[in-house]
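What the coordinates show
Single-letter residue listing:
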Amino acid sequence: DVKVTQSSRYLVKRTGEKVFLECVQDMDHENMFWYRQDPGLGLRLIYFSYDVKMKEKGDIPEGYSVSREKKERFSLILESASTNQTSMYLCASSPTADTQYFGPGTRLTVL
Amino acid sequence: AQSVAQPEDQVNVAEGNPLTVKCTYSVSGNPYLFWYVQYPNRGLQFLLKYITGDNLVKGSYGFEAEFNKSQTSFHLKKPSALVSDSALYFCAVRDKTGFQKLVFGTGTRLLVSP
């Protein structure tokens, strides 16, 4: 079975803090994705990566950055957390562009 | 731009009854369509996909979806609902512009009552 793990299930941070969300997949997938999920808005793509050290902006990249130094690991960084970044963050990996395998999510609260 | 719409925020159905969760799409060319499910406190799981071929696609947990080109719809169905089917369901379409990423709908919450 494909396994995608995320470093934390719940996270509470203060405004202005730098936040790191880690995602690791064990299936040697080329593609990895970061989404945020908000009620009524569905999933929105923040960033994705199709290879090591490669990254592409998704639909809502503002306020976020990413890092992919190793194939199995894709990190999402909030340089200076703000309250409007309180959300559920989902990581996914995929061998192709369609069938994606998701991690359990990190619920981030920014106070 | 490719998009999908899920017109219902919530669908309520009694256990044992058939269920339908609606999805319509807007794409140029032939669509690649998907359904994902999210159980409480879990990540999304792939259910099924339509790429080409038979308009009725069968997926996991007894779900199926019907592709209808004339109505630009891809509704998710199950003949007999279970309480354990209660979850959040997302329709998605592959964006064919640039990198072929998925575009998700806003989600429909399915509640199956005993």
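Description of the structure in this document. (Residues numbered from 1 in each chain as written. Chains lettered and ligands numbered in written order. Predicted model: local features only at pLDDT ≥ 70, side-chain atom pairs only at ≥ 80, totals over all residues. Heavy atoms only, no water.)

Chain A puts 22 residues into the contact, and the matching count from chain B is 20 residues. Interface area, chain A with chain B, both sides summed: about 1,700 Å², of which 60% is carbon and sulfur. For the pair chain A and chain B, the number of links is 0 salt bridges. Summed over the shared surface of chain A and chain B, the result is 2 residue pairs in polar contact (both at pLDDT 80 or more). Residue assignment for the side of chain A that touches chain B shows that the elements contributing at least two residues are β4 (31-38) and β5 (42-49) of chain A. Its residues assigned to classes, the side of chain A that touches chain B comprises 12 nonpolar, 7 polar and 3 charged. (Contact = heavy atoms within 4.5 Å. Buried area = accessible area lost by both parts, 1.4 Å probe. Salt bridge = Lys/Arg side-chain N within 4 Å of Asp/Glu carboxyl O. Polar contact = N/O pair within 3.5 Å; in protein donor to acceptor, adjacent residues only side chain to side chain. Helix = DSSP H or I, 4+ residues; strand = E, 2+ residues; numbered from the N terminus. Nonpolar A, V, L, I, M, F, W, Y, C, P; charged D, E, K, R; others polar.)

Let's shift gears to the packing of aromatic side chains. With the rule as written, the count across this model stands at 15 aromatic pairs over all chains. Considering the side-chain rings of F102 of chain A and F104 of chain B, the 6.2 Å spacing of their centres and the 80° angle between planes classify their relative orientation as edge-to-face. Residue F102 of chain A is found in strand β10 (residues 101-102), and its partner F104 of chain B is found in strand β11 (residues 102-104); the two belong to separate chains. The buried category is assigned to F102 of chain A, whose relative accessible area is 10%. Judged by centre distance (6.5 Å) and plane angle (85°), the rings of F90 of chain B and F104 of chain B are edge-to-face. Here F104 of chain B lies in strand β11 and F90 of chain B lies in strand β10 (residues 87-94), a separation of 14 residues in the sequence. Like F104 of chain B, F90 of chain B is buried. (Phe/Tyr/Trp six-rings, centres within 6.5 Å; stacked < 30°, edge-to-face > 60°. Buried < 20%, exposed > 50% of the residue type's maximum accessible area, 1.4 Å probe, protein only.)

Considering soluble globular proteins, one finds that nonpolar side chains tend to be buried as a cluster. The biggest cluster of nonpolar side chains holds 28 residues, and the ones touching the most others in it are W35, L47, L48, F74, L76 and Y89 of chain B. For this core, the secondary structure elements donating two or more residues are β2 (10-14), β3 (19-21), β5 (33-38), β6 (44-50), β8 (64-68), β9 (73-78), β10 and β12 (108-113) of chain B. In terms of residues, this core owes the most to one element, β10 of chain B, which gives 4 residues. Those residues in contact with Y89 of chain B, other than ones at most four positions away along the chain, are Q6, V21, W35, Y36, V37, L47, F63, L76, G107, T108 and L110 of chain B. The next biggest cluster of nonpolar side chains, apart from the first, holds 20 residues, and it includes V19, M32, I46 and F74 of chain A. (Core = buried A, V, L, I, M, F, W, Y, C linked by side-chain atoms within 4.5 Å.)

A few words on the sheet that holds strand β8 (residues 73-78) of chain A. Residue and element names in this part refer to chain A. Ordered in space as β1-β3-β8-β7, the 4 strands form an open sheet in which the pairing is antiparallel. Edge positions in the sheet fall to β1 (4-6) and β7 (64-70), since each of these pairs with one other strand and no more. Put simply, the sheet's adjacent strands are angled 20° from each other on average, direction ignored. Of the pairings in the sheet, the one linking strand β3 (residues 19-25) to β8 comprises 6 bridges and is antiparallel in character. Residue F20 lies in a different strand from β8, and its bridge partner there is I77. (Pairing = 2+ DSSP bridges. Axes fitted to C-alpha atoms, helices over the stretch in contact; angles between N-to-C directions.)

Attention now goes to the pairing of β9 of chain B. Within a regular strand, side chains alternate between the sheet's two faces. Residues and elements named next belong to chain B. The element β9 is largely enclosed, with a buried count of 5 among its 6 residues. With 3 bridges connecting them, β3 and β9 associate as antiparallel partners. The partner of V21 across the bridge, within β9, is L76. Judged from the 5 bridges that link them, β8 and β9 form a sheet pairing that is antiparallel. Looking at β9, one finds that E64 is bridged to K77. Counting the residues that bridge the hairpin from β8 to β9 gives 4 residues, and of these T72 lies at a positive phi of roughly 45°.

Okay, the pattern of salt bridges next. Residue and element names in this part refer to chain A. Within this structure, the stated rule accounts for 10 salt bridges over all chains. K18 is the partner of E79 in a salt bridge, and the nearest nitrogen-oxygen pair spans 3.5 Å. Of this pair, E79 sits in the loop between β8 and β9 (87-94) while K18 sits in the loop between β2 (10-13) and β3, and the two are 61 residues apart along the sequence. Given the relative accessible area of 43%, E79 is considered partly exposed. Using a relative accessible area of 45% as the deciding quantity, one classes K18 as partly exposed. The residue K71 makes a salt bridge to E30 at a minimum N-O spacing of 2.9 Å. Of this pair, K71 sits in the loop between β7 and β8 while E30 sits in the loop between β3 and β4, and the two are 41 residues apart along the sequence. Through salt bridges with shared partners, a single ionic network connects D28, E30 and K71.

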